[in-house]
Amino acid sequence: MRNALGLMLASVVAAVVIAAGGWFYYSARADQGAPKTTAARAADQLPAQAKLAAKDDVETTAAIAARPAAVAQAAAPAPAPAMPVQQRSTCANPNALGVARVVEIDTTGGPGFGFEHFKQFDFLTDKEVVLTFDDGPWPVNTPAVLKALGDECTKGLFFSVGKHATYHPEILRQVLAQGHTVGTHTWSHVNLNSKKMTEQQVKDEVEKGFSAVKFALGTTPAPFFRFPQLQHNPAMVSYFGTRNVAMFSTDIDSFDFRKGATPEKIVDNVMTKLDKLGKGIILMHDFQKHTGEAMPALLARLKAGGYKVVQMKAKATLQTLPEYDEALLKDLKVPTSSARPITSVVQTVSQ
């Protein structure tokens, strides 16, 4: 009996020892095979802004308030606030002539500018100029002027001939798209002071020119007008007062339209007169080949001489007359469905 109890007790003890040894063995193996995990140190967790700086060395343009860590992890990174328009640099030329100031013109009553014919509004200060161009748009020549102005990040005022605008609307739209001011210069560049012109013919030339430039641009131009050949018809001067259209003469004529004109002569003509007057509205023609060729040198001379460019814009746009809009479309044989301005047909909704 005692022998049987001893054998049973020995068997139980042996089973316990074997089970304990097996548990210890398999626990040790499991610890060796499982990946080791340790808590990350606080110093290793960089804030989102610190990580960005370490990666890209980005120059910040605005301070962004810190968010709680839980919110920052749950939300997508917010874009930095956009830089104000006036602080953006869109000019690739750090030494560009640029635009010193922009003036807005209230054209109510038809004011006149340019001391050759109008003496009332002396708005330019010493060393200030306004760059104006007549008779375009025209292939090669107008783009050459635009290229030179763009390279110096400066702006001009373009007086477009209506007929030319309908020939090359894509060029005139480029003028407007690059931030220049677009005015008008009659339909076909006739002398409005000619005795052969009736009062109605003169009005038609002006109003058809307005409608043509509007048609070419797809929007209304500025209510700025220059008489062809600077021939100011007294009746039309009064008429522009009723239409609230500003008239432009000049202070400095480049004579770039004359036979024998060269880029060198154009630059010398402008600078000689400008150095004498000290400021002024400069008359040039983007229709002329030599003008585009002269522009880089002229802008360089202006910059070297300490001159500054003033851009003129209108407070309100030109209101064309519906009867002339309709007559133009009929003459051009344009389908009436195309009479709507482009901005009412095509709009950018995402960019």
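The rules behind each value
- Residues numbered from 1 in each chain as written.
- Predicted model: local features only at pLDDT ≥ 70, side-chain atom pairs only at ≥ 80, totals over all residues.
- Heavy atoms only, no water.
- Helix = DSSP H or I, 4+ residues; strand = E, 2+ residues; numbered from the N terminus.
- Buried < 20%, exposed > 50% of the residue type's maximum accessible area, 1.4 Å probe, protein only.
- Contact = heavy atoms within 4.5 Å.
- Phe/Tyr/Trp six-rings, centres within 6.5 Å; stacked < 30°, edge-to-face > 60°.
- Lys NZ or Arg CZ within 6 Å of the ring centre and 35° of its normal.
- Pairing = 2+ DSSP bridges.
- Disulfide = S-S within 2.5 Å.
- Core = buried A, V, L, I, M, F, W, Y, C linked by side-chain atoms within 4.5 Å.
- pLDDT = per-residue confidence, 0-100.
- Right-handed = clockwise from strand over helix to strand, strands pointing away.

Q: Would you mind showing me how to read the overall build of the chain here?
A: Counting secondary structure elements, the chain contains 12 helices and 10 strands. Across the 351 residues of the chain, 36% fall into the buried class. For the chain, long-range pairs separated by at least 24 residues make up 78% of all intrachain contacts whose partners lie at least 6 apart in sequence.

Q: What exactly am I supposed to notice about the packing of aromatic side chains here?
A: How two aromatic rings sit relative to each other is given by the distance of their centres and the angle of their planes. Counting across every chain of the model gives 14 aromatic pairs. Geometrically, the ring pair formed by tyrosine 239 and phenylalanine 240 is tilted, given 6.3 Å between the ring centres and 50 degrees between the ring planes. As far as the burial class goes, tyrosine 239 and phenylalanine 240 line up, both buried. Taken together through their ring pairs, the aromatic side chains of Phe113, Phe121, Phe123, Phe159, Phe224 and Phe248 make up a single cluster. Stacked on the ring of tyrosine 307, the Lys or Arg lysine 127 has its end atom at 4.2 Å from the ring centre.

Q: How should the pairing of strand β9 (residues 280–285) be read in this particular structure?
A: On a regular strand, each side chain points to the face opposite its neighbour's, so the side chains alternate between the two faces of the sheet. Summarising burial for β9: six of the six residues are buried, a large majority. The pairing of strand β3 (residues 128–134) with β9 spans six bridges and is parallel. Residue pairing across strands places threonine 132 opposite leucine 283, the latter belonging to β9. Across two bridges, strand β8 (residues 252–253) lies against β9 in parallel orientation.

Q: Is there a simple way to explain the environment of leucine 97 in this structure?
A: Position of leucine 97 relative to the elements: it lies in the loop between α3 (69–74) and β1 (101–105). Counting along the chain gives 206 residues from leucine 97 to lysine 303, while the straight-line C-alpha distance between them is 5.8 Å. The contact partners of leucine 97, leaving out residues within four places of it in the chain, are Glu152, Leu299, Leu302, Lys303, Tyr307 and Val309.

Q: Hey, could you run me through the state of the cysteines in this one?
A: Covalently bonding the sulfur atom of one cysteine to the sulfur atom of another cysteine gives a disulfide. Taken as a whole and judged by the stated rule, the model has one disulfide. A sulfur-sulfur distance of 1.9 Å marks the disulfide that ties cysteine 91 to cysteine 153. In this structure the cystine formed by cysteine 91 and cysteine 153 twists about its S-S bond by roughly 85 degrees; its chirality is therefore right-handed. With cysteine 91 in the loop between α3 and β1 and cysteine 153 in the loop between α4 (141–151) and β4 (157–160), this pair connects stretches of sequence that are 62 residues apart.

Q: How should the nonpolar core be read in this particular structure?
A: It is characteristic of soluble globular proteins that their nonpolar side chains tend to be buried jointly. Ranked by internal contacts, the top residues of the largest apolar core, which has 31 residues, are Leu131, Phe133, Leu149, Met295, Leu298, Leu299 and Leu302. Elements that contribute at least two residues to this core include exactly β3, α4, α6 (169–177), α7 (199–217), α9 (263–277), β9 and α10 (289–304). One finds Val202, Phe210, Met247 and Leu321 within the second-largest nonpolar core, a separate group that totals 15 residues.

Q: How do you make sense of the confidence of the model for the chain when you look at a structure like this?
A: It should be kept in mind that the predicted coordinates are not to be read in detail where pLDDT is low. Looking at the chain, pLDDT values average 81 and 73% of them are 70 or higher. Scored below 50 in pLDDT, residues 1–5 makes zero contacts in the model with residues more than four places away or belonging to other chains.

Q: Can you help me understand the environment of aspartate 204 in this one?
A: Checked against the element boundaries, aspartate 204 lands in helix α7. In the structure, aspartate 204 is positioned 17 residues away from tryptophan 187 in sequence and 8.3 Å away in space, judged by C-alpha atoms. Once you skip the residues sitting within four places of it in the chain, aspartate 204 turns out to touch Gly209 and Tyr324.

Q: Is there a simple way to think about the pairing of β4 in this case?
A: Burial along β4 is two-sided: Leu157 and Phe159 facing one way and Phe158 and Ser160 facing the other are all buried. Judged from the three bridges that link them, β3 and β4 form a sheet pairing that is parallel. Bridging from a neighbouring strand, aspartate 134 pairs with phenylalanine 159 of β4. This β-α-β element, β3 to α4 to β4, shows right-handed connectivity. Sheet topology note: the β4/strand β5 (residues 181–184) ladder contains four bridges and is parallel. Among the inter-strand pairings, phenylalanine 158 is bridged to a residue of β5, identified as valine 182.

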